[in-house]
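# Understanding the architecture of this molecule
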Number of protein chains: 2
Amino acid sequence: MGKLTVVGIGPGDYDNMTVRADRALRECQVIVGYHVYVDLVRKRYPDREFLTTPMTREADRCRMALEEADKGKDVVMVCSGDSGIYGMAGLVYQLRGEREEPEISVIPGLTAACSGAALLGAPLTHDFAVVSLSDRLTSWEKIEKRLTAAAEADLSIVLYNPASRGRPDYLQRACDILLRTLPPDRPCGVARSIGREGEGRVILPLERLRDFEADMFCTVFIGNGQTEVIGDRLVTPRGYRDV
Amino acid sequence: MGKLTVVGIGPGDYDNMTVRADRALRECQVIVGYHVYVDLVRKRYPDREFLTTPMTREADRCRMALEEADKGKDVVMVCSGDSGIYGMAGLVYQLRGEREEPEISVIPGLTAACSGAALLGAPLTHDFAVVSLSDRLTSWEKIEKRLTAAAEADLSIVLYNPASRGRPDYLQRACDILLRTLPPDRPCGVARSIGREGEGRVILPLERLRDFEADMFCTVFIGNGQTEVIGDRLVTPRGYRDV
């Protein structure tokens, strides 16, 4: 019986992978994933079997990975960022159900909240919420409720999937909701293409974030009431009294 | 002029460090940090200068690191978990202020939300909030407000610092607040000593989490309305329709 390891490869470059993720990729026989993520690792780990599915076929992808492991192969399913945070780990457990085989293990990776925050400075030194603006699997009403709750509770907020071709105005809609609670000059930041070609950061107030043209390679950070811009970095102080 | 690199070493074992964090530790001259974290890396990176301060002297530790870099040394400040999420990156930027030197860079690491979730299964496949129960730098009223907001918005919740010797009943207090909104059978989990000796996981309903004896080595996960226990894992489905 083979095993299935769900691996978070981090933002995409080798440097931001963990030692454990690298080892799992080196030791496996089959690599399964969304084709864009598989392409990120294909060169470094050649001579393996690569199996890919398109973006919206997540369940097919997980079934394929479980079947390969059932055949006796050591399979890695790659996820960008973390394997659990908006990743495939949950779906793999769901599809295996109450069976005990194949063995599943989950190797965590750097999610964009960590890697994007480091690129921008240190916006998440205190309590925060992570909310995806994709309404493919969640109603917009629920997303709206979560944004408002986070803003009212003075949590820093990280927005995943702020926009895509089919949802070009979702970041604007989210900002309009946040502006009901937060001031227009609240410091915010955008981390783009973290760890990949074209990596960059933008720091700007909430009222200008509203008109920022985000795409699916962006992760957006909304500061809390203490967040400030220091030099060219976005920083949330934790409140140490001796500073 | 030297440089200061703030490095998140992840939960503590070498395997969960990123390639980039490992390289920064190999290439630096001075390693600064809270003594427990410095001890986690001391053996693997010997022949360096090690500087430590006690737990509550965060600002002193950061000033020490900046001073060593000012002297021309390449300094790494180690943080457990991520360097930004409840880490020292923000304080380092604050203390350097508007100066441009020494150069500061931040290398992210696996925060306990990622590594603990992987140990428990996949409780964070959807939107979530991270809240620390330590009231050393935040009022308990604010913590209480954040817990309630997160529960009402159906966010999964990760509790950092759920208890310590000085705050033995804080997890109980937090559960009592959550139980005003969430049902007693809401699936929860505790990840303990992630990546270190004594690593373990416990899955239990919220009403029993209330009486769990957590310590400072625990990270606590509260499921959202969809979270379920599958086999011996805590899993939050994302809502794929074809499962």
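Here goes a summary of the coordinates provided. (Residues numbered from 1 in each chain as written. Chains lettered and ligands numbered in written order. Predicted model: local features only at pLDDT ≥ 70, side-chain atom pairs only at ≥ 80, totals over all residues. Heavy atoms only, no water.)

### Regarding the sheet that holds strand β1 (residues 3–8) of chain A
All names here are of chain A.
- Read across the sheet, five strands follow the order β3-β2-β4-β1-β5 without closing on themselves; strand pairing throughout is parallel. Of all strands in the sheet, those bounded by a partner on one side alone are β3 (49–53) and β5 (103–107). Pairs of neighbouring strands in the sheet enclose a mean axial angle of 20°, with direction left out of account.
- Sitting on the sheet, helix α4 (residues 89–96) touches β1, β4 (74–79) and β5, and the angle it makes with β5 is about 170°. (Pairing = 2+ DSSP bridges. Helix = DSSP H or I, 4+ residues; strand = E, 2+ residues; numbered from the N terminus. Axes fitted to C-alpha atoms, helices over the stretch in contact; angles between N-to-C directions. Contact = heavy atoms within 4.5 Å.)

### Observations regarding the pattern of salt bridges
- Tallying each qualifying case throughout the model produces 38 salt bridges over all chains.
- Ionic contacts of the salt-bridge type, sharing partners, join the residues A:Glu49, A:Glu68, A:Lys71 and A:Lys73 into one network. (Salt bridge = Lys/Arg side-chain N within 4 Å of Asp/Glu carboxyl O.)

### Let's talk about unusual backbone geometry
- Residue A:Pro102 follows A:Glu101 across a cis peptide bond; omega there is -5°.
- Note that A:Pro102 resides in the loop between α4 and β5.
- Although it is not a glycine, A:Ser193 sits at a positive phi angle of roughly 45°.
- If you trace the backbone, A:Ser193 turns up in the loop between β9 (187–192) and β10 (200–205).
- In this model, B:Asp47 sits at a positive phi of 60°, which is unusual for a non-glycine residue.
- Tracing the chain through its elements places B:Asp47 in the loop between α2 (35–42) and β3 (49–53).
- Classification of B:Asp47 as exposed rests on a relative accessible area of 80%. (Buried < 20%, exposed > 50% of the residue type's maximum accessible area, 1.4 Å probe, protein only.)

### Quick word on the pairing of β3(B)
All names here are of chain B.
- Two strands pair when backbone bridges link them, and strand β2 (residues 30–34) and β3 are joined in this way by five bridges, in the parallel orientation. The partner of Tyr34 across the bridge, within β3, is Thr53.
- As for the winding sense of the linkage, the β-α-β connection from β2 through α2 to β3 is right-handed. (Right-handed = clockwise from strand over helix to strand, strands pointing away.)

### Re helix α7 (residues 170–178) of chain B
Residue and element names in this part refer to chain B.
- Along α7, the residues that are buried comprise Tyr170, Leu171, Ala174, Cys175, Ile177 and Leu178. On an axial view of α7, the arc spanned by its buried residues comes to 160°, and they lie on one face.
- Tucked inside the fold, the buried residues of α7 contact α6 (140–152), β8 (156–160), α8 (206–209) and β11 (218–222). (Arc of directions from axis to C-beta.)

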